[in-house]
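# Close look at the chain arrangement
As a plain string of letters, each chain reads:
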Amino acid sequence: MSSTPPRNPSPARPVPKVAYWRQNLIVIGILLSIWAFVSFGCSILWIEWLNQYKIGNLPLGFWFAQQGSMYVFLVLILVYALVMDYLDRKHDVKE
Amino acid sequence: MQFLEYSLPLLGLAFTSTQAWTFLFVIITFMIYLYIGWASRAQESGEFYVAGQGVPAIANGAATAADWMSAASFISMAGLISALGSDGSFYLLGWTGGYVLLAMLLAPYLRKFGQYTVPDFVAKRYYSETARIVAAICAVFISITYVAGQMRGVGIVFARFLEVETWQGVVIGMFIVGVFAVLGGMKGITWTQVVQFFVLIAAFLIPTVALSYMLTDNPIPQVGFATGDIAEKVNKIQEDLGFAAYTQPFTNYDKTNVFLITLALMTGTAGLPHVIVRFYTVANVRAARYSAFWALLFIALLYTSAPVLAMFARYSILETLNGAHIGEMVHDKDTDVDYYPIYQVNDAGKEEVVQWVSNWQKTGLITIDDKNKDGILSLKNVDGNFAEVKIDKDILVLATPEIAKLSPWVIAIVATGGLAAALSTAAGLLLVISSSMAHDLYVHFVEPQATEPRRLLIARIMIIGAIFVAGYFGIYPPGFIGQVVAFAFGLAAASFFPIIFLGIFDKRMNREGAISGMVVGVLFTAVYIIGCRSDKILGTAAPLMTPWLTGSKWIPDGLQPEAAGAVGLILNFTVALVVSRLTSPPPDDVQDLVESVRIPRGSHAPEAHFDETDAEADNP
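Just so we're clear, the structure is a prediction, and the values are computed from it rather than from any experiment.

### With respect to the pairing of strand 6 (residues 342-345) of chain B
Residue and element names in this part refer to chain B. Across two bridges, the pairing between strand 3 (residues 325-326) and strand 6 is antiparallel. Of the residues in strand 6, the one forming a bridge with His-325 is Tyr-343. Pairing of strand 6 with strand 7 (residues 351-353), which is carried by three bridges, proceeds in the antiparallel orientation. Each bridged residue has a counterpart across the sheet, and for Tyr-343 the counterpart in strand 7 is Val-353.

Here you go:
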């Protein structure tokens, strides 16, 4: 199967929204760091160390692995959607 | 009463009250599904493939949740966690954490791109019809693997609760999925899945709430989990029996494997085509972001309850069965199996039969063997298993209401929920198979000039074909169904996730990089999994490969096949980045397409979102 041949560049190429994209990447970067911290950090890498502490009657690391991380995931996605609403308005790219 | 329950003649079967309730609920819910399938008949391809792109975010969230939570999530997951203890967390983390990746890295941009399928995006972004074929074949393979397991699940639930043959259960399931998928396409499936979500979540939460209230006096399972004292009790019983404590990590898998399996499940979740296409059905980019939130919220209702159910069920089983009195062997005439009644001392101080153990022995999913002939059931640890009883992991959720002695109608609701979970996922997968075959392969390469009614007809023929394939594998399951789930996730992680991610975030990524990365990632993952599991998949006498690095310092158990997808993912990224930098950059119009998907505005443009007209719309 051959590929579609590259078309001639159109006379009016779009100007990239550089600032919008950079801020988007920063938001994603911060939120995914938290995502990695709770899931790979608290729930796996440091679970034994965290298990010496307790939340209610459960070891803390075990709680993070089986419940806590999922609550954090949920908050992260909500924060992302809200922040992006703000960025879309600020950079005038919303629909 | 006893007489009534056991000799009610209906359809020539002896019905217990559990069966009567199950029958009633199944009939009611199936009537609803069929009605919705009929009421939302698709009239054109756009409705058939992406539900006309008008599904509200919250409804799409519920549909995604039902699509995602399969028979495996509903029936098997709590049982697996119960058996694995703390290490079972990789299912919870992997199967929910992937939604964070999906929400931030894939869904909004794919929605902006529009179109019908994942291979559509791959073909446009990498200006290559070869890439379309590879992506379509991966999508079909992943989906068929999955759907066969779902149809099997449907058959088993029917077999246990309605006492029909497994194959009859599969055929009934094929008929139901067929009607709403063939008629309604994505539009019908979406609204059916919304209803199925509520059925399955109610079915899961009712017994979990009841169990939580019984064991911790707190009806909210997530709270009872932490405030109750079940963890301490179950840890103590486990240690007395010679097992590791339930909350002790890394007793079944070492740390490196847990890490890699979690990574593979997360990226696999984000790369599974039947989940991704759900984000094509919403109105715009903003709705795609919120629908990822709703999806995870609805999924988390089940996924935060499952570990609670797992721990409580583990406790109930250990508490009920350890040291129980084994009765004389009984022969069951209907099923022609021998079983051992188990006796327990009840509150009144009299011995009574533990009914659920008898019921499940009749299906062969619990077996009891009094090895030391002392008439007492011992659950001591022998090579990681209970000494005198074998309990199939898949029965845990279905048996929990019986274990907790809940009413027959609760047991019936759980069975109905299991069916809803299996059917909703099966429908979503069938649509991916049909769209890959009809849209990406047939219409694109065989009949590009097909008219609209003809395209719809082809899509419907493909979906009927897919239903028969799924039904065949459900009735005659190849021995490796259970093993290939790891395969499907590994392939999704090693193929779709990296190429879609790089397609959006790396403007310099070109055709050469993407195709070579995908080939290396998929080949590694496939060869490793097939090699390590060849006894199950190819039927060789022994596995052709032993897991790599066994006995090393960092990964003492060796790289498990379930974790291979994570290594394939890393290989894919590395190869793609290196090759793309050594070859020429993608053409200008593809770079413009990347700019365009990064910006929300213009997702409603009717056709060809990727050409110059749209680029102008981005910069009014």
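And the narrative resumes.
### Digging into the UniProt feature "transmembrane region" (unreviewed entry) in chain A
Following the UniProt record, one finds the feature "transmembrane region" (unreviewed entry) at residues 25-49 and 69-87 of chain A. A helix fraction of 96% and a strand fraction of 0% characterise residues 25-49 of chain A, whose end C-alpha atoms lie 32 Å from each other.

### Overview of the state of the cysteines
Put plainly, a disulfide is one covalent bond tying together the sulfur atoms of two cysteines. Residue and element names in this part refer to chain B. A full pass over the atoms with the stated rule returns zero disulfides over all chains. The thiol of Cys-138 is unpaired, and the distance to the nearest cysteine sulfur, on Cys-532, comes to 20 Å. Overall, the relative accessible area of 10% leaves Cys-138 in the buried class.

### Let's talk about the domain arrangement of chain B
Residues and elements named next belong to chain B. Its domain assignment divides chain B into domain 1 (18-317 + 408-598) and domain 2 (318-404). Each partner contributes to the interface: domain 1 provides 31 residues, whereas domain 2 provides 26 residues. Summing both partners gives a buried area of about 2,600 Å² for domain 1 against domain 2, and 74% of it is carried by carbon and sulfur. Inspection of the domain 1/domain 2 interface yields zero salt bridges. Where domain 1 meets domain 2, there are 11 residue pairs in polar contact (both at pLDDT 80 or more). Of all elements in the fold, only helix 5 (71-84), helix 8 (129-162), helix 9 (166-216), helix 11 (230-240), helix 15 (306-321) and helix 18 (408-445) reach the threshold of two or more residues within the side of domain 1 that touches domain 2. Broken down by element, the residue count for the side of domain 1 that touches domain 2 peaks at eight residues, all from helix 5.

### Quick word on the UniProt feature "domain: Sodium symporter small subunit" (unreviewed entry) in chain A
Residues annotated in UniProt with the feature "domain: Sodium symporter small subunit" (unreviewed entry) correspond here to residues 19-93 of chain A. In the segment residues 19-93 of chain A, helix accounts for 83% and strand for 5%; the C-alpha atoms at its two ends are 12 Å apart.

### Describing the packing of aromatic side chains
Aromatic ring pairs: the centre-centre distance and the angle between the two ring planes describe each pair. Residues and elements named next belong to chain B. Throughout the structure, instances matching the rule amount to 38 aromatic pairs over all chains. Note on Tyr-91 and Trp-95: the rings are 5.1 Å apart at their centroids and 50° apart in plane angle, and the pair reads as tilted. Linking Tyr-91 with Trp-95, this pair stays in helix 6 (residues 89-113), spanning four residues, or about one helical turn. Of the two residues examined, Tyr-91 and Trp-95, each falls in the buried class. We note Arg-314 situated over the ring of Phe-243; from NZ or CZ to the ring centre the distance is 5.8 Å. When the ring centre of Trp-554 is taken as reference, the NZ or CZ atom of Lys-553 above it lies at 4.4 Å.

Rules of the game
- Residues numbered from 1 in each chain as written.
- Chains lettered and ligands numbered in written order.
- Predicted model: local features only at pLDDT ≥ 70, side-chain atom pairs only at ≥ 80, totals over all residues.
- Heavy atoms only, no water.
- Pairing = 2+ DSSP bridges.
- Helix = DSSP H or I, 4+ residues; strand = E, 2+ residues; numbered from the N terminus.
- UniProt positions renumbered as here; feature names shortened; annotations may be inferred.
- Disulfide = S-S within 2.5 Å.
- Buried < 20%, exposed > 50% of the residue type's maximum accessible area, 1.4 Å probe, protein only.
- Domains from an automatic or database assignment.
- Contact = heavy atoms within 4.5 Å.
- Buried area = accessible area lost by both parts, 1.4 Å probe.
- Salt bridge = Lys/Arg side-chain N within 4 Å of Asp/Glu carboxyl O.
- Polar contact = N/O pair within 3.5 Å; in protein donor to acceptor, adjacent residues only side chain to side chain.
- Phe/Tyr/Trp six-rings, centres within 6.5 Å; stacked < 30°, edge-to-face > 60°.
- Lys NZ or Arg CZ within 6 Å of the ring centre and 35° of its normal.

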